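# Observations on chain architecture
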Amino acid sequence: MMKKRISGRTLVLVIALVIGVLFAVGFIIADRIYDSSPENAVPKKMKVPDGVTYIRWSNKDGGKNSMEKLKACLTALEPSVAISKAEELEWKDICPENFWVKNFSVTTYDNANFKLYNFKYYPDASGNKKMSQEIEKASEDIISTVRKSSGGTQWEDILLVHDELIRRTEFVEDDEDGDHTHDIYGALVLKRAVCQGYTYAFSYILDKMGYSCSEIYSKEHIWTKVNSLETGERYIDVTWDDYNKNDRNGEPFIHHNFFCLTKAEMESFDEHTPENDEDKETLTTVGDNYYRKKNYYIKKGDEMGFRASALEQYQQGKNLLEFRFESKEDYEKAGDWMIAVLKELGYKEKSYYVYNKPELLTYCAGLYVAEEDKEQEKEQEQEQEKTA
């Protein structure tokens, strides 16, 4: 039997049919794997905008190298910098050192492997190199003053830095006019600052002196943790020790209520509740508290000890007599004890400033009150007469 030949036309139809079936099957499979509708299409990865520096952040060296790259961008006043998405930088990471940065915002994208940091600078930011030199000079001046006066211990060095910052810097409110009140340039060069400026300046100087410290943040405040004292870590709030008050000779009243406190002592004030639980304390003894180290700590019932300490401080020429009490009962008697001592000394002024912190049982008397504060003196006299 002879085989039938398939005509050319029939062959074409068969091939077309096979191709059609294969195409249909492929389309069905592809449709199941990938929805090709525009609203569900996989977006393309967004590229870094032209002219914007990209930093692939690395924390292998604690982020030091990456931070140096970012600082170079900030020194050049670049308005935006792209940083790998994994890294999240906060104000405290960027602005303490780069003080010419006024603020910044961060833009994130779903289809990008970076975050775009957008920076705003102070009007004088173009002079940041010269300003850095001014900061260096001011800090070296403080360090030189400290080294001339200190007995050489870490505790004394840190105390003198604390005192010099208060002597040279004026506390201003957040809503007052003026640039750089939140940074080290404001505190060290312009000599006007809020708590951030004080704390950053304090840390900057201690770091230059080789003392380890860090900043502790609450929702509304910032203070310092010193890690390198001989006895361990301690907490210091330079800002809260500056009352912006001078005596009649123009000398400031320098307080030490918040010098070398324990964690518990510092956090007995609501404003000093840290915003996270990362800060830990390993030392809880109170032997290096300012009042104990200076022998201004009055043990229970020791009125004679109070008198001896008051006389010693007065003879040293201090304009602020400072005490901390072991008992609340003696703390409440401090005003009467102080009046008796000053009368014995022949102190001519009947009134004086009183500063106290019930939470710490500290009592301070400011002498040589300035003439322009007479009204406040009268109010204090009246208050003393009521409690006499």
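Within every chain, residues take consecutive numbers counted from 1 along the sequence as written. Totals for whole chains, interfaces and linings use all residues, but because this is a predicted model, local features are given only for residues with pLDDT of at least 70 and pairs of side-chain atoms are given and counted only at 80 or more. To obtain the side-chain values, all non-hydrogen atoms of the structure were used and water was disregarded.

## Section: the packing of helix H4 (residues 128-149) against helix H7 (residues 195-208)
The relative placement of two packed helices comes down to the angle between their axes together with the axis-to-axis distance. This is how it is decided: Between N-to-C directions, angles cover 0 to 180 degrees, with each direction set by a line fitted to C-alpha atoms, over the stretch in contact for helices. In this description a helix means any DSSP run of H or I spanning at least four residues, a strand means any run of E spanning at least two, and both kinds are numbered starting from the N terminus. Comment on the angle field: the value is read as roughly parallel under 35 degrees, roughly antiparallel over 145, roughly perpendicular from 65 to 115, and oblique elsewhere. Handedness of a crossing follows from how the near helix is turned relative to the far one, being left-handed for an anticlockwise turn of less than a right angle and right-handed for a clockwise one. Note on contacts: a residue pair is in contact if any heavy atoms of the two residues lie within 4.5 Å.
As a packed pair, H4 and H7 sit with axes 10 Å apart at the nearest point and diverge in direction by 70°. The orientation of H4 with respect to H7, classified from their angle, is roughly perpendicular. The chirality of how H4 crosses H7 is right-handed. Contacts between H4 and H7 involve Ile135, Glu136, Ser139, Glu140, Ile142 and Ile143 on the former and, on the latter, Tyr204, Ile205 and Lys208.

## Here's the deal with the side chain of Asp237
The criterion, for reference: The rule is simple: take the accessible area with a 1.4 Å probe, protein chains only, and divide by the maximum for that residue type; under 20% is buried, over 50% is exposed, in between is partly exposed. The charge count includes Lys and Arg as positive and Asp and Glu as negative, but it does not include His or the ends of the chains. Every case where a carboxyl oxygen of Asp or Glu lies within 4 Å of a side-chain nitrogen of Lys or Arg is listed as a salt bridge. Counting of polar contacts relies on pairs of N or O atoms within 3.5 Å, with two restrictions inside protein: one atom must be capable of donating a hydrogen and the other of accepting it, and residues adjacent in sequence are counted only when both atoms are side-chain atoms.
With respect to the helices and strands, Asp237 occurs in the loop between strand S9 (232-236) and strand S10 (242-246). Within the buried core, Asp237 has no salt-bridge partner, and the shortest N-O distance to an opposite charge, that of Lys357, equals 9.2 Å. For Asp237, the side chain forms a polar contact with the side chain of His272, separated by 2.7 Å. Sequence-distant contacts of Asp237, that is, excluding residues within four places in its chain, are made with His221, Ile222, Trp223, Phe258, Met266 and His272.

## Structural notes on H4
Inclusion rule: To estimate how far a helix should reach, multiply one less than its number of residues by 1.5 Å. The arc in question is traced by the directions running from the helix axis to the C-beta atoms.
With 22 residues, H4 extends 32 Å from end C-alpha to end C-alpha; this agrees with the ideal 32 Å at 1.5 Å per step. When we look at burial in H4, the residues that qualify are Asn128, Met131, Ile135, Ala138, Ser139, Ile142, Ile143 and Val146. Each buried residue of H4 sits inside an arc of 135° when the element is viewed along its axis, so together they form one side. Away from its buried face, by an angle of more than 90 degrees, H4 presents the exposed residues Lys129, Lys130, Gln133, Lys137, Arg147 and Lys148.

## A closer look at the sheet that holds strand S12 (residues 297-298)
The cut-off we apply is this: Here, a strand pair is defined by DSSP locating no fewer than two bridges between the strands.
Spatially, four strands are ordered S12-S13-S15-S14 in an open sheet, and the strand pairing comes out mixed. Two strands lie at the open edges of the sheet, namely S12 and strand S14 (353-357), each paired on one side alone. The strands that helix H10 (residues 303-315) touches are S12 and strand S13 (320-325); relative to S13, the one it contacts most, it runs at about 155°. Helix H11 (residues 328-345) contacts S13, S14 and strand S15 (362-366) of the sheet and is inclined by roughly 150° relative to S13.

## Observations concerning the pairing of strand S2 (residues 80-84)
Every regular strand shows the same layout, with side chains that alternate between the two sheet faces. Note the cut-off: Crossover handedness is defined here as right-handed if the route from the first strand over the helix to the second strand goes clockwise, with the strands pointing away from the viewer.
With five of its five residues buried, S2 lies for the most part within the structure. Residues Ser80, Ala82 and Ser84 point to one face of S2 and Val81 and Ile83 to the other, with burial holding for every one of them. For strand S1 (residues 53-55) and S2, the ladder comprises three bridges, and the chain directions are parallel. Its bridge partner lying in S2, Tyr54 is registered against Ala82. Running through helix H2 (residues 64-75), the crossover from S1 to the neighbouring parallel element S2 is right-handed. The pairing of S2 with strand S4 (residues 114-121) spans five bridges and is antiparallel. Note that in S4 the partner of Val81 across the bridge is Tyr117.

## Brief notes about the pairing of S13
The buried count for S13 comes to six of six residues, which makes it a mostly enclosed element. Residues Leu320, Glu322 and Arg324 of S13 are buried on one face, and the alternating residues Leu321, Phe323 and Phe325, pointing to the opposite face, are buried as well. Strand direction decides the pairing type here: S12 and S13, joined by two bridges, are parallel. Among the inter-strand pairings, Tyr297 is bridged to a residue of S13, identified as Arg324. Once the chain exits S12 it traverses H10 before rejoining the sheet at S13, and the crossover so formed is right-handed. Bridge analysis of S13 against S15 gives five bridges, and the strand direction is antiparallel.

## Some points on the packing of aromatic side chains
Threshold: In this analysis, rings of Phe, Tyr and Trp, with Trp reduced to its six-membered ring, are considered paired at centre separations within 6.5 Å, and the interplanar angle assigns stacked below 30 degrees, edge-to-face beyond 60, and tilted for intermediate values. Put simply, a charge is over a ring when the Lys NZ or the Arg CZ is close to the ring centre, within 6 Å, and near the line of the ring normal, within 35 degrees.
Taken as a whole, this structure holds 25 aromatic pairs when the rule is applied. Taking 5.9 Å as the distance between ring centres and 55° as the angle between the ring planes, the aromatic pair formed by Tyr109 and Phe114 counts as tilted. What makes Tyr109 partly exposed here is its relative accessible area of 22%. Over the face of the ring belonging to Tyr297 we find Arg292, whose NZ or CZ atom lies 3.9 Å from the ring centre. Above the plane of the ring of Trp155 lies Lys293, whose end atom (NZ or CZ) is 5.2 Å from the centre.

## Focus: the pattern of salt bridges
Considering all chains together, one arrives at 14 salt bridges under this definition. In this structure, Lys130 and Glu134 form a salt bridge, with 3.8 Å as the shortest nitrogen-oxygen distance. Taken together, the residues Lys130 and Glu134, both in helix H4 and four residues apart, mark about one turn of the helix. For Lys130, a relative accessible area of 54% gives the class exposed. Lys208 is paired through a salt bridge with Glu136; the nearest N and O atoms lie 2.8 Å apart. With Lys208 in helix H7 and Glu136 in helix H4, the pair connects residues that are 72 residues apart, well separated along the chain. For Glu136, a relative accessible area of 31% corresponds to the partly exposed category.

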